[in-house]
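Close look at the chain arrangement
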Amino acid sequence: MPCAPKFAVPVEHRPRLDEQTTRLWYDFPWRSELATNLDTSLGGTGLTPSFAIWMPDCGVHEGAYDDRQFFGVSIDHSVGSRTMRSLLESFMTYSRTGLRSMYRDDWADGAGYVSQTAGCN
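Everything numeric here is computed off the predicted structure, so don't read it as measured data.

Bringing helix α1 (residues 13-31) into the picture now. Roughly 40° is the biggest bend found in α1, and it falls at Trp25, with proline Pro29 one to four residues downstream. Among the residues of α1, Arg14, Thr21, Thr22, Trp25, Asp27 and Phe28 are the ones counted as buried. Lining the buried residues of α1 we find β1 (51-55) and β4 (100-104).

Secondary-structure assignment places Asp109 in the loop between β4 and β5 (117-118). Engagement of the side chain of Asp109 in a polar contact is seen with the side chain of Ser78, the distance being 2.7 Å. From its side chain, Asp109 meets the backbone nitrogen of Ala111 in a polar contact 2.9 Å long. When sequence neighbours within four positions are dropped, the list of residues in contact with Asp109 reads His77 and Ser78.

Secondary-structure assignment places Arg82 in strand β3 (residues 82-83). Comment: no salt bridge for buried Arg82; closest opposite-charge side chain is Glu89, at 6.6 Å. For Arg82, the side chain forms a polar contact with the side chain of Ser90, separated by 2.3 Å. Beyond its immediate sequence surroundings of up to four residues, Arg82 is in contact with Trp54, Val73, Ser74, Ile75, Leu87, Ser90 and Tyr103.

Looking now at the pattern of salt bridges. Tallied over the entire structure, the rule returns six salt bridges. Across the pair Asp18 and Arg104 runs a salt bridge whose closest N-O atoms are separated by 3.6 Å. With Asp18 in helix α1 and Arg104 in strand β4, this residue pair connects regions lying 86 residues apart in the sequence. Between Arg23 and Asp27 there is a salt bridge; the shortest N-O distance is 2.9 Å. Here Asp27 and Arg23 lie together in helix α1, a separation of four residues that amounts to about one turn. The partly exposed category is assigned to Arg23, whose relative accessible area is 35%. Under the relative-accessibility criterion, Asp27 is labelled buried at 18%. In this structure, a network of salt bridges that share partners links the residues Arg14, Asp18, Asp57 and Arg104.

Calculation criteria
- Residues numbered from 1 in each chain as written.
- Predicted model: local features only at pLDDT ≥ 70, side-chain atom pairs only at ≥ 80, totals over all residues.
- Heavy atoms only, no water.
- Bend = angle between axes of the 7 residues up to and from the residue.
- Helix = DSSP H or I, 4+ residues; strand = E, 2+ residues; numbered from the N terminus.
- Buried < 20%, exposed > 50% of the residue type's maximum accessible area, 1.4 Å probe, protein only.
- Contact = heavy atoms within 4.5 Å.
- Polar contact = N/O pair within 3.5 Å; in protein donor to acceptor, adjacent residues only side chain to side chain.
- Lys, Arg positive; Asp, Glu negative; His and termini not counted.
- Salt bridge = Lys/Arg side-chain N within 4 Å of Asp/Glu carboxyl O.

As far as function goes, none of this settles anything; it's purely spatial.
Here's what the structure looks like:
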């Protein structure tokens with residue numbers, strides 16, 4: 001017998017993902033194995049790897065494989081609108097440590113600007 005789903009999509013699934021990304025955003029620099037010196041692969045203490053989060057609320061998880069979503073879905077932000085392609089291109093130029101970006105639907109940045117997704121069908 002297959003296992004029953006643990007989350008009712010989207011009623012429980014999206015809030016769970018939101019919580020996970022929020023914890024990553026705020027806690028990673030202090031609670032990760034790199035931050036606690038259990039992982040020394042970056043060669044020093046206090047270094048956190050760069051990361052980027054792309055999370056539109058389109059109800060599907062195929063943005064990296066679907067041209068319309070990869071090129072056409074955007075998330076606005078106080079610093080401008082980004083597509084998955086443009087965020088990935090920026091991420092590839094990040095230094096190994098110290099940079100992070102989050103583009104997530106309904107995310108409120110430090111100034112109170114709330115991001116919104118556009119282009120989902």
